[in-house]
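Tertiary structure, described
What follows is the residue order along each chain.
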Amino acid sequence: MRVEDAPEAWEVVSSTERFKGRVFDVVTDGVRMPGDEVADRDYVRHVGAVAVVALDADDRVLMIRQYRHPARRLLWELPAGLRDVEGEPLAETAARELAEEAGHRAATWHTLVDLLTSPGMTDERIRVFLARDLTPIPEEENGFVPRHEEIGMPVEWVPLPDAVEHALMGMIHNAPAVAGILAAYAASVEGFTGLRPADAPEA
């Protein structure tokens, strides 16, 4: 059997919206199961997001630290953001987030890994990009004004092997950061030659 995720949609016999928000909704679907039984499944319908493993010439990962209220933690993360501009290519969303949150642009982009963050409770998808050949954006060219949790976010350049160790030792918990760091380290073994292009379709 080929080990590859495949699209599949079981019959939904009912659907009830429990909550509607700006970023996500909460719904309950009645799903027809094998044996013809119908079971309720609660889940979060999410707009999705992108994240960026930005590597400099010394293979250091650009990381930011942000307060995450549901987790009650300051988390070290990758530059990331919501897919909240309709029709915007994902690579452009990622480039915008890298510019806004970290003040950098990249000349070389690849798709690194695609994630379903918690498929038992949400349809959220995150595409993690690899960005290289970085240059800082002069302050006068970056008109982004930080708000809320983004105010005063520190930026740290972490050597890729150290970032891997931090992930494996439980020092970094953010899911796209852990997945992106480990994927970047694995891809670096072959000089990033096996990666998909930045505009690769999502399966």
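Criteria and cut-off values
Residues numbered from 1 in each chain as written. Predicted model: local features only at pLDDT ≥ 70, side-chain atom pairs only at ≥ 80, totals over all residues. Heavy atoms only, no water. Pairing = 2+ DSSP bridges. Helix = DSSP H or I, 4+ residues; strand = E, 2+ residues; numbered from the N terminus. Axes fitted to C-alpha atoms, helices over the stretch in contact; angles between N-to-C directions. Contact = heavy atoms within 4.5 Å. Core = buried A, V, L, I, M, F, W, Y, C linked by side-chain atoms within 4.5 Å. Buried < 20%, exposed > 50% of the residue type's maximum accessible area, 1.4 Å probe, protein only. Patch = residues over 30% accessible without salt bridge, like charges linked within 9 Å, V, L, I, M, F, W, Y side chains within 5 Å. Areas by Shrake-Rupley, 256 points an atom, 1.4 Å probe, with all protein chains shown as cover. Salt bridge = Lys/Arg side-chain N within 4 Å of Asp/Glu carboxyl O.

This part covers the sheet that holds strand E5 (residues 60-68). Spatially, three strands are ordered E6-E5-E10 in an open sheet, and the strand pairing comes out antiparallel. Where the open sheet ends on each side, the last strands, each with one partner, are strand E6 (73-77) and strand E10 (155-159). Averaged over all pairs of adjacent strands, the angle between strand axes in this sheet comes to 35°, irrespective of strand direction. When E5 meets E6, the two strands line up antiparallel, connected through five bridges. Bridge pairing in E6 places Gln66 opposite Leu75. Where helix H2 (residues 160-168) meets the sheet, it contacts E5 and E10, and its direction lies at approximately 100° from that of E10.

Another aspect to go through is the nonpolar core. Membership of the largest hydrophobic core comes to 25 residues, with the highest contact counts inside it found for Val53, Val61, Leu112 and Val128. When contributions to this core are tallied by element, the ones reaching two or more residues are strand E4 (49-54), E5, strand E8 (104-116), strand E9 (125-136), H2 and helix H3 (175-188). Ranked by residue count, the leading element in this core is H3, at five residues. When neighbours within four sequence positions are excluded, Val61 is seen to be in contact with Val53, Ala54, Leu55, Leu78, Glu156, Trp157, Val158, Leu160 and Ala163. Grouped together as the second largest cluster of nonpolar side chains are 16 residues, Ala54, Ala106, Trp109 and Leu134 included.

Another point: a nonpolar patch on the surface. A surface patch of nonpolar side chains, about 430 Å² in accessible area, is lined by Leu168, Met169, Met171 and Leu182. Within the secondary structure layout, Met171 lies in the loop between H2 and H3.

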